[in-house]
Amino acid sequence: VARLEDGHGYVYRGNSSKKGGLPIRVAYIEGGIVITGSLDERFKKGDRIISIDNVDGVEILKRAEQFVSGSPQLRRWRALNQYGSGQLGTVAEIRLLRDNQEIRLKYERLTETRGFFFNRISEFKFPGIRKYEDGVYYINLYNVDAEAYLKILDALADAKGIIFDWRSDGTFNRQKKRLNYTTDLVPHLIKRRVNTANWNIPKIIRPDRENMFFHHSFWSIEPKAPFFKGKILFINVPSCVSYGETIMGIIEHYKLAEFVGMSTAGCNGNVTFINLPGFYRIMFTGMKVLKHDGSQHHLIGIKPQYPVNRTVQAVQSGKDEFLQKALAVIRANK
């Protein structure tokens, strides 16, 4: 499934043995594996992982990437989500570099709490809504409560700028009403009807895909007042996938905003499942989705106008380089 290079490609197995994990979040920064979040005080932000169980830290990442399906940016993102996992109960021997000093420690792998698709260990805690003194608003698309958001639409319409953030900090409150991007976000960015990309659904009526053809469809979004007049930015990372990329594709094509951070996943379209013996279930993309202009979206995604290259120094000092970049871009806007 990894060789399909499909960001929806995944193998579920109901009776698989439990996986053990480490209490850390990591990123690939300045050529190495750097801890960016931790649930255990023995691991510090900015620690560089030299090795685990005598395997080089970067080599561990490369080995894990071989079993992740998707674009290069998505493979890396998901391989990092459960970095250093192993059999439950095994003891990981870890070598860290902190302030030019090597630290050795052992950690028993407890039940994995990080996810393959999202790492639930926070690097930063993101507010749902934040207003800055200069009239700039920050909206976290995972943490914002829809009712609170709808109450400030008029204020957002008059804001100097708005930063919409696709990043998750691992928290999820089921009591909150989730924001509907199709009805609550995009309509306030447009003055005329816009369309999604084309959904190309394969119609296979003969063996070996002989005479296969595609059914084409799309859907539209109508404008709705109030209209946001300030500069709009989206903070993107590779976990923005599928429906998120539907929204980002509209915004990219109609030039409704600009993007800060990293490329999105490069994977869109409804999924299909195959149930197999042995409690296996395989998921893959059941559509061919192109960009609005007919060019390739698969493996490419939505690229940022303002990429962010992280630094170890910023991690150690607790700086959010993605947000800092977005604020700098908006505040420089005349």
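Each remark here, short or long, concerns the structure printed above.
Remember, predicted model here, so these are calculated numbers, not experimental data.

Calculation notes
Residues numbered from 1 in each chain as written. Predicted model: local features only at pLDDT ≥ 70, side-chain atom pairs only at ≥ 80, totals over all residues. Heavy atoms only, no water. Phe/Tyr/Trp six-rings, centres within 6.5 Å; stacked < 30°, edge-to-face > 60°. Helix = DSSP H or I, 4+ residues; strand = E, 2+ residues; numbered from the N terminus. Buried < 20%, exposed > 50% of the residue type's maximum accessible area, 1.4 Å probe, protein only. Pairing = 2+ DSSP bridges. Axes fitted to C-alpha atoms, helices over the stretch in contact; angles between N-to-C directions. Parallel < 35°, antiparallel > 145°, perpendicular 65-115°, else oblique. Left-handed = near helix turned anticlockwise from the far one by under 90°. Contact = heavy atoms within 4.5 Å. Nonpolar A, V, L, I, M, F, W, Y, C, P; charged D, E, K, R; others polar. Salt bridge = Lys/Arg side-chain N within 4 Å of Asp/Glu carboxyl O. Right-handed = clockwise from strand over helix to strand, strands pointing away.

Details of the packing of aromatic side chains
- In this structure the tally under the stated criterion is 12 aromatic pairs.
- Centroid distance Y181 to Y243: 5.7 Å. Interplanar angle 25 degrees. Geometry classified as stacked. Placement of Y181 in helix α5 (residues 181-184) and of Y243 in helix α6 (residues 243-253) is noted, with a sequence separation of 62 residues between them.
- Residue classification places Y181 among the buried positions, given a relative accessible area of 7%.
- Aromatic pair F234 and F259: ring centres 6.5 Å apart, planes at 50 degrees, arrangement tilted.

Here's the deal with the sheet that holds strand β20 (residues 271-276)
- Strand order across the open sheet formed by three strands is β1-β21-β20, with antiparallel pairing between neighbours. Of all strands in the sheet, those with a lone pairing partner are β1 (10-13) and β20, marking the two edges. Averaged over neighbouring strand pairs, the angle between their axes works out to 20 degrees when direction is ignored.
- Pairing analysis gives six bridges linking β20 to strand β21 (residues 280-285), with the strands arranged antiparallel. The residue of β21 that forms the bridge with L276 is Y280.

As for the packing of helix α1 (residues 57-65) against helix α2 (residues 72-81)
- Orientation of α1 relative to α2, taken along the N-to-C sense of each, is 115 degrees, at an axis distance of 9 Å. As far as their axial angle goes, α2 and α1 are roughly perpendicular. Once α1 is placed against α2, the crossing between them reads as right-handed. Between α1 and α2, the residues in contact are L61, A64 and E65 and R75, R76, A79 and L80, respectively.
- For the contact of α1 with α2, the class distribution of residues is four nonpolar, no polar and three charged.

Quick word on unusual backbone geometry
- Across the junction of A225 and P226, the peptide omega takes the value 0 degrees, indicating a cis bond.
- The residue P226 is located in the loop between β17 (220-221) and β18 (231-236) in this model.
- Residue D208 is not a glycine yet carries a positive backbone phi of 55 degrees.
- If you trace the backbone, D208 turns up in the loop between β15 (199-203) and β16 (213-217).
- A positive phi is found at K255, a non-glycine position, where the angle reads about 55 degrees.
- Inspection of the secondary structure puts K255 in the loop between α6 and β19 (258-261).
- Accessibility expressed as a relative area gives 72% for K255, which makes it exposed.

Some remarks on the pattern of salt bridges
- All chains considered together, the criterion is met by 18 salt bridges.
- Its salt-bridge partner being R167, residue D165 comes within 2.9 Å of it at the nearest N-O pair. The burial state of D165 is the same as that of R167; both residues are buried.
- Ionic pairing is found between D320 and R167, a salt bridge with its closest N-O pair at 2.8 Å. Of the two residues, D320 is situated in the loop between α7 (312-317) and α8 (321-331) and R167 in the loop between β13 (161-165) and α5; the sequence distance between them amounts to 153 residues. The two residues D320 and R167 agree in class, both being buried.

Description of the pairing of strand β4 (residues 32-38)
- Burial of β4 is extensive: six of the seven residues sit out of reach of the surface.
- When strand β3 (residues 24-29) meets β4, the two strands line up antiparallel, connected through six bridges. By the bridge assignment, V26 is partnered in β4 with I35.
- Adjacent in sequence and paired antiparallel, β3 and β4 are bridged by two residues, among which E30 carries a positive phi angle near 50 degrees.

Comments concerning the pairing of β19
- Pairing analysis gives four bridges linking β18 to β19, with the strands arranged parallel. Pairing of F234 across the sheet is with F259, part of β19.
- One crossover worth recording links β18 to the parallel β19 by way of α6, and it is right-handed.
- Bridge analysis of β19 against strand β23 (residues 306-307) gives two bridges, and the strand direction is parallel. Following the sheet pairing, V260 is matched in β23 by Y306.

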